[in-house]
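# Understanding the architecture of this molecule
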Amino acid sequence: MNITVFLGAPGSGKGTQAKRLAERLGFVHLSTGDMLRAAIQKGTDVGKRAKATIDRGELVSDSIMIELIQNVLSELPKAKVILDGFPRTVPQAQALDQNASTKVNKAISFHVDAQKLVERLTGRRICEKCGEPFHVKFMPSKVAGVCDKCGGKLIQRADDSEDVVVTRLDVYQKQTSPLLNYYKDQESLFQVEADAPVDTVQNDLTKILS
Ligand code: AMP
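For every chain, the first residue of the written sequence is number 1, and numbering continues from 1 onward in sequence order. Under the rules for a predicted model, residues below a pLDDT of 70 receive no local features and side-chain atom pairs below 80 are neither given nor counted, while totals for whole chains, interfaces and linings still include all residues. Heavy atoms throughout the structure, all of them, feed into the side-chain values; hydrogens and water do not.

### Topic: the overall build of the protein
Under the scheme used here, helices are H or I runs from DSSP no shorter than 4 residues and strands are E runs no shorter than 2 residues, and both carry numbers assigned from the N terminus. Of the regular secondary structure elements, the protein holds nine helices and eight strands. Only C-alpha atoms enter the radius of gyration; for comparison, a globular chain is expected to reach 2.2 Å times N to the power 0.38, where N is the number of residues. For 210 residues, the compact-globule estimate of 2.2 N^0.38 gives 17 Å, and the C-alpha radius of gyration of the protein, at 16 Å, lies within 12% of that figure. Overall, the protein is about 45 × 40 × 30 Å in size when its C-alpha atoms are taken along their principal axes. The burial tally for the protein puts 46% of its 210 residues in the buried class. Two residues form a contact once any of their heavy atoms are found within 4.5 Å. Contacts spanning at least 24 positions in sequence make up 70% of the contacts within the protein whose residues lie at least 6 apart. We get accessible surface area from the Shrake-Rupley algorithm with a probe of 1.4 Å; when it comes to residues, only the shown protein chains can shield them. Carbon together with sulfur atoms contributes 51% to the accessible area of the protein, which is approximately 10,800 Å² in total. In the protein, which carries 29 positive and 26 negative side-chain charges, the distance between the mean positions of the two groups comes to 4 Å. Summary of the burial criterion: residues with accessible area below 20% of their type's maximum are buried, those above 50% are exposed, and those between are partly exposed, where the area comes from a 1.4 Å probe applied to protein chains only. Positive charges come from Lys and Arg, negative ones from Asp and Glu, while His and the chain ends are left out of the count. To locate a charge, the coordinates of NZ of Lys, CZ of Arg, CG of Asp or CD of Glu are taken.

Below, the structure written as structure tokens:
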């Protein structure tokens with residue numbers, strides 16, 4: 001398996017870029033946030049256990065997340081995979097490294113100025129049907145409130161409200177940003193300037209991935 005990890009604060013554009021790259025370059029895009037939201041919608045056991053934590057903007061436990069991702073990865077032995085939103089803690093990264101077949105090839109850090117993240121998150125809208133992301137100012141849909149891709153309704157995620165966003169950014173700083181040093185030490189860390197226009201970031205990522 002060939003695993004690339006996208007690392008970055010909430011709102012740094014990991015999901016948008018991962019979706020586009022997966023379609024263009026044949027990667028399997030695995031977003032643990034999307035998986036959890038699907039589990040909540042379906043009312044599964046994991047969904048029930050994770051919902052309150054997600055709504056508060058905190059991290060779901062490592063044990064739940066590691067089991068979730070290992071189950072999915074075990075069904076994709078030969079795939080080229082982009083992990084978007086996993087790992088988010090050092091123990092999650094160690095869990096991937098413990099198994100030779102899930103060792104991370106490249107970790108790409110999405111760098112955005114901290115002040116811009118709140119605006120990027122609170123203006124974000126997603127399609128309730130297909131999950132396609134938009135932004136009211138930076139990436140509006142052609143028709144307000146309607147998904148360009150599938151015609152579904154655009155909604156704001158509950159955890160994109162301003163008070164929860166502050167918690168999520170704090171959690172990123174404390175629990176996830178240590179992963180930058182983790183992958184730097186392994187010499188597998190790359191960085192993109194994620195403030196640039198979507199197509200520029202996409203080109204930079206393509207160079208790193210090919
Ligand atoms: P995201 O869509 O990646 O922003 O994830 C939404 C929420 O799902 C996060 O704020 C966390 O509560 C939870 N979540 C997603 N991935 C993870 C992870 N790897 N570890 C812990 N919690 C996660």
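### Points about the site of the ligand
As a structural note, the neighbourhood of the ligand is formed by 16 residues, with Thr32, Arg37, Glu58, Gly85 and Gln92 the closest of them. N or O atoms within 3.5 Å of each other form a polar contact, as long as, within protein, one can give a hydrogen and the other can take it, and as long as residues adjacent in sequence are counted only when both atoms are side-chain atoms. Backbone polar atom of Val60 to a nitrogen atom of the ligand: 3.1 Å apart, as the coordinates give it. Arg157 places a polar side-chain atom, nitrogen or oxygen, 3.1 Å from an oxygen atom of the ligand. A total of 480 Å² of accessible area belongs to the ligand in isolation, and the protein chains cover 95% of it. Ranked by the residues each element gives to the shell around the ligand, the list is headed by helix H2 (residues 32–42), at four residues. Each residue is tested against the molecule or strand, and it is near if at least one of its non-hydrogen atoms lies within 4 Å.

### What to know about the environment of Leu169
Along the chain, the position of Leu169 falls in helix H7 (residues 162–176). Each C-alpha atom of the pair Leu169 and Gly43 lies 27 Å from the other, and the pair is 126 residues apart in sequence. Not counting chain neighbours up to four residues away, the residues in contact with Leu169 comprise Ala9, Pro10, Leu117, Val118 and Leu121.

### Focus on the pairing of strand S4 (residues 104–111)
By this definition, two strands are paired if DSSP reports at least two bridges between them. In the sheet, strand S1 (residues 2–8) pairs with S4 via six bridges, with the strands oriented parallel. What sits directly across from Phe6, in S4, is Ile108. When S4 meets strand S8 (residues 189–193), the two strands line up parallel, connected through five bridges. Counted as the bridge partner of Ala107 is Leu189 from S8.

### A look at the packing of aromatic side chains
Pairs were defined over the aromatic rings of Phe, Tyr and Trp, the Trp ring being its six-membered one, requiring ring centres within 6.5 Å. Orientation was assigned from the angle between planes: stacked under 30 degrees, edge-to-face over 60, tilted for the rest. Within this structure, the stated rule accounts for two aromatic pairs. Aromatic pair Phe6 and Phe110: ring centres 4.9 Å apart, planes at 50°, arrangement tilted. Of this pair, Phe6 sits in strand S1 while Phe110 sits in strand S4; the two residues are 104 residues apart in sequence, bridging distant segments of the chain. Note on Phe6: relative accessible area 1%, which makes it buried. Its relative accessible area of 4% is what places Phe110 among the buried residues. Taking the centre distance of 5.1 Å and the plane angle of 85° together, the rings of Tyr182 and Tyr183 count as edge-to-face. Relative accessible area serves as the criterion here: at 17%, Tyr182 is assigned to the buried category. Overall, the relative accessible area of 0% leaves Tyr183 in the buried class. Across from the ring centre of Phe27, 4.5 Å away, lies the NZ or CZ of Lys80, which sits over that ring. Our definition puts a charge over a ring when NZ of Lys or CZ of Arg is within 6 Å of the ring centre and also within 35 degrees of the ring normal.

### Focus: the nonpolar core
The criterion is simple. A nonpolar core is a set of buried Ala, Val, Leu, Ile, Met, Phe, Trp, Tyr and Cys residues joined through side-chain atoms within 4.5 Å. Core analysis: the largest hydrophobic core is formed by 27 residues, its most contacted members being Val5, Leu36, Val60, Leu73, Leu83, Phe86 and Tyr183. Top contributing element to this core by residue count: helix H4 (residues 62–73), with six residues. Discounting residues that sit within four places of it in the chain, Tyr183 has contacts with Val5, Leu7, Pro87, Ala93, Val104, Ala107, Ser188 and Leu189. Counting 21 residues, the second-largest nonpolar core is a separate cluster that includes Ala22, Leu205, Ile208 and Leu209.

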